[in-house]
Amino acid sequence: MKKSWLSILKAVALLVILNGIAAIFYTRIDLTEDSRYTLSEASLHSVQQYDSPVIIDILLDDQLPPEFVKLKQETRQLLEEFASENNNIKFNFVNPLEANSQIDDVITNLQGLGLTPTNVTVEQNGKVSQEIIFPWAMVNYNNNTVKVPLLKNKLGATTEERVNNSVQHLEYAFADAFSKLNIKEKKKIAILKGNGELEDIFMADFLTSIKDYYNLGAITLDSVSKNPEKVLEQLKGFDLALIAKPTERFTDEEKFILDQYIVSGGKSLWLIDKVSMELDSLFNERGTAMAVAKDLNLQDFFFRFGVRLNPNLVNDLYFTQIVLASGEGNSSQYNPVPWFYNPMVFSKNNHPINNNIEALRFQFTSSMDTLANAYRKQVLLTSSPLSKTEGVPRKISLDIINTPPDKELYKDGNNILGVLIQGAFTSTFTNRVKPIALKNIQDQGPENKMIVISDGDLIKNQIRNGRPLELGYDKWTNNYFGNKEFLINCLNYLLDDTGLINIRNKKVAIPFLDEEKISEQKTKWQLINIGLPLVLTFIFGFLISSIRKKKYGV
């Protein structure tokens, strides 16, 4: 008896010691095949600098359909990983609509904050109902708040794909929010003006969205001819130049200033229309307008970097719609119709910039060619395999919607629409007469990056009642496209020194039960899980009882 008590005391003492060691030397081991809970170095860096509480409210709670339950669980486990790295990371799950009599007001307020709801079907006790869910998180720190979307919708995605896309995006979304809230010194972006670029109201949503990341300023090239040194110095004060849909020709002097800015290390994002054509022109000209090539005097400039913009239009059977009115007055009807000159461009998912994003909407875009040189080029966007190019000048008419396309002609597909160029850039004006005199002219620069996209309208938001709408939202068809996310990714990649955007390359695969097999084999597995244990219990009970009777005679 004494030995038994001694053994028990030893076991208890051993457990206490092991628990004490575990408390001191706490660790977590990620045994998942895809290491989905192992945070990257960039993610770890994003949370380690906080020395006061960061409060995260996740608007997912209460009764949820299976896909959102899985999303909630994955969000919780990821945030536990962040919290294990910094005790100041606190999070809780809330239902903003729970026990609230003014639900409509709450929904309106949440939408006013930019939190888009999702309608989902919930089945409970045999009853099916439609519920509104806000799959968002609010990250709060020092009176500042960053919104984090938890749900990633992709056109045509299944439930499993939607959850996988969402979970795959979580680490980047939260690490990005932590980094954004803790920015000490924002990098600067120059919005180029003076060559007929888009007005600010047509870029308002995008510029508002990136203000959390960057400081913005406008730079005009008008005074290059009078004081080129001053303009170049001003431009060099910015980390990146954004050139959005210029419509007026660049002079050689202006081009030289941009050349020296880029060669000296300045990043650049170009959104260029090679063809002059607008949908408004068709409406204003009674349904017919002429598409003509646009000469911006940038051919040699892009040629040096290994890109050629072609004077053509991409006609794509994967299209986005436009809306045409029929009838007059109160009897007017607005009907969506296919428009082959507005390609719907799906991501190639071959780079952190374009990984896991919604389809993009292009409008009257041209194709590009990449040319062999020393620079590294990554094609980010292409038209669909069922597309073709049409040379200009060309008459464009709304009547084409009444003519079925000849699919045999759509064999010139996969046209390049967006390219990332990287390398130690060489000046376009090397071994050429310089158009203006500058001090310290550079012919060879350090390692650099630039992105060229063959559609200026990719950044253009629509207007309603004089106010800009969200970039990527089409007010006529009520569809959302991934233009804003793609362009923000472009900026983040060009200016990201921490490698944070590379988290977007992380691949996560969430296993799901096969609903069809569940339905077919439901009875079988119920019998195995419930009936078989009962049968085995009965058999073993009978055998044990029989053995006891035979052995002891009772």
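Cut-off values and rules
- Residues numbered from 1 in each chain as written.
- Predicted model: local features only at pLDDT ≥ 70, side-chain atom pairs only at ≥ 80, totals over all residues.
- Heavy atoms only, no water.
- Helix = DSSP H or I, 4+ residues; strand = E, 2+ residues; numbered from the N terminus.
- Phe/Tyr/Trp six-rings, centres within 6.5 Å; stacked < 30°, edge-to-face > 60°.
- Buried < 20%, exposed > 50% of the residue type's maximum accessible area, 1.4 Å probe, protein only.
- Axes fitted to C-alpha atoms, helices over the stretch in contact; angles between N-to-C directions.
- Parallel < 35°, antiparallel > 145°, perpendicular 65-115°, else oblique.
- Left-handed = near helix turned anticlockwise from the far one by under 90°.
- Contact = heavy atoms within 4.5 Å.
- Nonpolar A, V, L, I, M, F, W, Y, C, P; charged D, E, K, R; others polar.
- Pairing = 2+ DSSP bridges.
- Patch = residues over 30% accessible without salt bridge, like charges linked within 9 Å, V, L, I, M, F, W, Y side chains within 5 Å.
- Areas by Shrake-Rupley, 256 points an atom, 1.4 Å probe, with all protein chains shown as cover.
- Salt bridge = Lys/Arg side-chain N within 4 Å of Asp/Glu carboxyl O.

Enquirer: So, the environment of E185: which residues are in play, and what are the values?
Expert: Following the sequence through the fold, E185 ends up in the loop between α5 (159–181) and β7 (187–193). Placed 30 residues apart in sequence, E185 and N215 show a C-alpha to C-alpha distance of 9.2 Å.

Enquirer: Residue-level account of the packing of aromatic side chains, with values.
Expert: Here the structure, examined in full by the defined rule, presents 20 aromatic pairs. Ring plane angle 70° and centroid distance 5.3 Å describe the contact between F301 and F305, whose orientation is recorded as edge-to-face. Exposure class is identical for F301 and F305. Each is buried. Pairwise contacts between aromatic rings join W270, F301, F302, F305, Y375 and F425 into one cluster.

Enquirer: So, unusual backbone geometry: which residues are in play, and what are the values?
Expert: Residues V392 and P393 are joined by a peptide bond in cis, for which omega reads 10°. If you check the backbone angles, N349 has positive phi at about 50° while not being a glycine. Tracing the sequence through the fold places N349 in the loop between β16 (333–345) and β17 (360–361). With relative accessibility at 33%, the residue N349 sits in the partly exposed group.

Enquirer: Please give an account of the packing of helix α7 (residues 228–236) against helix α8 (residues 252–263) that cites residues and values.
Expert: The description of two helices packed together rests on the angle between their axes and the distance between the axes. Remark: α7 packs on α8, axes separated minimally by 10 Å, with the N-to-C direction vectors making an angle of 40°. When the axes of α7 and α8 are compared, the pair comes out oblique. Of the two elements, α7 crosses α8, and the hand of that crossing is right-handed. Where α7 abuts α8, its residues P228, V231, L232, L235 and K236 lie against I257, L258, Q260 and Y261. Among the residues forming the contact of α7 with α8, the class breakdown is seven nonpolar, one polar and one charged.

Enquirer: Tell me what's going on with the sheet that holds strand β12 (residues 288–293), and back it up with residues and numbers.
Expert: Read across the sheet, three strands follow the order β11-β12-β21 without closing on themselves; strand pairing throughout is antiparallel. With partners counted over all chains shown, the strands left at the sheet margins are β11 (275–276) and β21 (394–397), one partner each. Here β11 runs beside β12; their pairing, made up of two bridges, is antiparallel. Residue pairing across strands places V275 opposite A293, the latter belonging to β12.

Enquirer: I'd like a description of a nonpolar patch on the surface, backed by residues and values.
Expert: A contiguous nonpolar surface patch, about 1200 Å² in accessible area, is contributed by W525, I528, L532, V535, L536, F538, I539, F540, F542, L543, I544 and I547. One can find L532 in helix α12 (residues 515–552).

Enquirer: Describe the pattern of salt bridges, with residues and values.
Expert: If you walk through the whole model with that rule in mind, you get 17 salt bridges. The salt bridge involving R361 is made with D474; its shortest N-O contact spans 3.9 Å. Residue R361 is located in strand β17, and its partner D474 is located in strand β26 (residues 473–474); the two are separated by 113 residues in the primary sequence. Assigned by exposure class, R361 and D474 land together as buried. Where E390 meets K388, a salt bridge forms, and the shortest distance between an N and an O atom there is 3.6 Å. The buried category is assigned to K388, whose relative accessible area is 15%. Here the residues in one salt-bridge network are K245, D273, E278 and D457, joined through shared partners.

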